[in-house]
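Here is what each chain is made of, one letter per residue.
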Amino acid sequence: QVQLLQSGAQVKKPGSSVKISCKTSAKTFNDYVVAWVRQAPGQGLEWVGRFSPVSQSSNFVRKFGGRLTITADSHTKTFFLQLSSLTSEDTAIYYCATQGKGRFLQYLQAWGQGTLVTVSS
Amino acid sequence: DIQVTQSPSSLSASVGDRVTITCQASQDIGKYVSWYQQKPGQVPNLLIFDASTLETGVPSRFSGSGSATHFSLTISSLQPEDVATYYCHHYDHLPPTFGQGTKLEIK
């Protein structure tokens, strides 16, 4: 099964931006759509967005407006999530995960280890 | 957006018990529901997809059923290692959403 390795924990000031990476062990870059899910401390899971390497396009939850960017680098088979104008409500563990194949949206099969983002002044 | 209501929010049962967790969707989502187990301090783990398909390597005591708006996850004989929080997840269309979670404990 493909493995996902995420970047390390970060502490950010309110109003700043954060960029998290997720490197896949997939044989080819186009093999998997990657989704992002976050989990605030002691809370449940929240789907954030997805990136398709085939269409080079992303989709994400409307609530993030223009704050969220999801991209990828085919050369390093790495996916990125960037979130700007951070507030304390963005404090969470951010997970990347591969989608199963065959549909625009699918179940989440392999997960990264998670990246803790703490927003604090 | 589709709302997914999961119940109960917490559950305490004895080893060997049959345990059922349910999810109700606010509209028809076909078979596009998956279930995840998250043990304390760990990453979510896929158990069931497409409502009833068992993921490879998941013990057969776990099963899923349902369609349209009503779905359930059943553990046929609860084991100590099943202590975790369980989440349902719909992926019928954007945006996918998760249930609120069910925290399962052993009596």
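Residues numbered from 1 in each chain as written. Chains lettered and ligands numbered in written order. Predicted model: local features only at pLDDT ≥ 70, side-chain atom pairs only at ≥ 80, totals over all residues. Heavy atoms only, no water.

Engineer: Mind laying out the sheet that holds strand β1 (residues 4–7) of chain B, listing which residues take part and the relevant values?
Structural biologist: Residue and element names in this part refer to chain B. The sheet built from four strands is open, its strands ordered β1-β3-β8-β7 with antiparallel pairing. In this open sheet, the two strands that pair with only one neighbour each are β1 and β7 (62–67). Put simply, the sheet's adjacent strands are angled 15° from each other on average, direction ignored. Where β7 meets strand β8 (residues 70–75), six bridges bridge the pair, whose relative direction is antiparallel. Paired with Gly66 across the two strands is Phe71, which belongs to β8. (Pairing = 2+ DSSP bridges. Helix = DSSP H or I, 4+ residues; strand = E, 2+ residues; numbered from the N terminus. Axes fitted to C-alpha atoms, helices over the stretch in contact; angles between N-to-C directions.)

Engineer: Break down the pairing of strand β4 (residues 34–39) of chain A for me, with residues and values.
Structural biologist: Two faces, one strand: in a regular strand the side chains alternate between the faces of the sheet. All names here are of chain A. Among the six residues in β4, six count as buried, and that is most of the element. The alternating pattern of β4 places Val34, Trp36 and Arg38 and Ala35, Val37 and Gln39 on opposite faces, both of which are buried. Both β4 and strand β5 (residues 45–52) contribute to a ladder of six bridges, which runs antiparallel. Paired with Trp36 across the strands is Gly49, a residue of β5. In this antiparallel pair of consecutive strands, β4 and β5, the connection spans five residues, and Gly42 shows a positive phi of 70°. The sheet contact formed by β4 and strand β9 (residues 92–99) spans six bridges and is antiparallel. In the sheet register, Val34 faces β9, and the bridge partner there is Thr98. (Buried < 20%, exposed > 50% of the residue type's maximum accessible area, 1.4 Å probe, protein only.)

Engineer: Describe the interface of chain A and chain B, naming the residues involved and giving the relevant values.
Structural biologist: On the side of chain B, 21 residues touch chain A, which itself brings 22 residues to the contact. Where chain A abuts chain B, roughly 1700 Å² becomes buried across the two surfaces, and 66% of that area is made up of carbon and sulfur atoms. A per-residue breakdown of the area chain A buries against chain B is headed by Leu45, Arg103 and Tyr107 of chain A, which together make up 34% of the total. There are one salt bridge connecting chain A and chain B. Linking Arg62 of chain A and Asp1 of chain B is a salt bridge whose minimum nitrogen-to-oxygen distance equals 3.2 Å. Counting across the interface, chain A meets chain B through eight residue pairs in polar contact (both at pLDDT 80 or more). Secondary structure elements with two or more residues in the side of chain A that touches chain B: β4, β5 and β10 (108–111) of chain A. Across the side of chain A that touches chain B, the residue classes tally to 10 nonpolar, nine polar and three charged. (Contact = heavy atoms within 4.5 Å. Buried area = accessible area lost by both parts, 1.4 Å probe. Salt bridge = Lys/Arg side-chain N within 4 Å of Asp/Glu carboxyl O. Polar contact = N/O pair within 3.5 Å; in protein donor to acceptor, adjacent residues only side chain to side chain. Nonpolar A, V, L, I, M, F, W, Y, C, P; charged D, E, K, R; others polar.)

Engineer: Can you tell me about the nonpolar core, naming the residues and giving the values?
Structural biologist: In terms of nonpolar packing, the biggest core is built from 39 residues, with Trp36, Leu81, Leu83 and Leu108 of chain A together with Phe98 of chain B touching the most fellow members. With five residues, the single largest contributor to this core is β9 of chain A. Listed in part, the 23 residues of the second largest apolar core include Ala13, Ile29, Leu47 and Leu104 of chain B. (Core = buried A, V, L, I, M, F, W, Y, C linked by side-chain atoms within 4.5 Å.)

Engineer: Got a sec to walk through the layout of surface pockets? Specific residues and values, please.
Structural biologist: Put simply, the largest pocket is a space of about 380 Å³. Lining the largest pocket are 21 residues, with Gln39 and Gln43 of chain A together with Gln38, Thr85 and Tyr87 of chain B sitting closest to its centre. Looking at the lining of the largest pocket, the elements with two or more residues in it are β9 of chain A together with β9 (84–90) and β11 (102–106) of chain B. Grouping the constituent residues of the lining of the largest pocket by class yields nine nonpolar, nine polar and three charged. In this model, the second largest pocket occupies a volume close to 290 Å³. (1 Å grid on protein atoms, 1.4 Å probe; cavity = no way out; pocket = protein on both sides within 12 Å on 5 of 7 lines; lining within 4 Å. Points joined across faces, edges and corners; volume = space filled by probe spheres on them.)

Engineer: An account of the sheet that holds strand β1 (residues 4–6) of chain A is needed here, citing residue identities and associated values.
Structural biologist: All names here are of chain A. With antiparallel pairing, the four strands of this open sheet are ordered in space as β1-β3-β8-β7. Among the strands making up the open sheet, the edge pair consists of β1 and β7 (68–73). Across the sheet, the axes of successive neighbouring strands diverge by a mean angle of 20°, strand direction being ignored. In the sheet, β1 pairs with strand β3 (residues 18–24) via three bridges, with the strands oriented antiparallel. Looking across to β3, one finds that Gln6 is bridged to Cys22.

Engineer: A description of the state of the cysteines should follow, citing residues and the corresponding values.
Structural biologist: All names here are of chain B. Summed over the entire model, instances satisfying the criterion amount to two disulfides over all chains. With its sulfur 1.7 Å from that of its partner, Cys23 forms a disulfide with Cys88. Taking the sign of the torsion about the S-S bond as the criterion, the disulfide between Cys23 and Cys88, at about -80°, is left-handed. Remark: Cys88 occurs in strand β9 and Cys23 occurs in strand β3 (residues 19–25); sequence separation between them is 65 residues. (Disulfide = S-S within 2.5 Å.)

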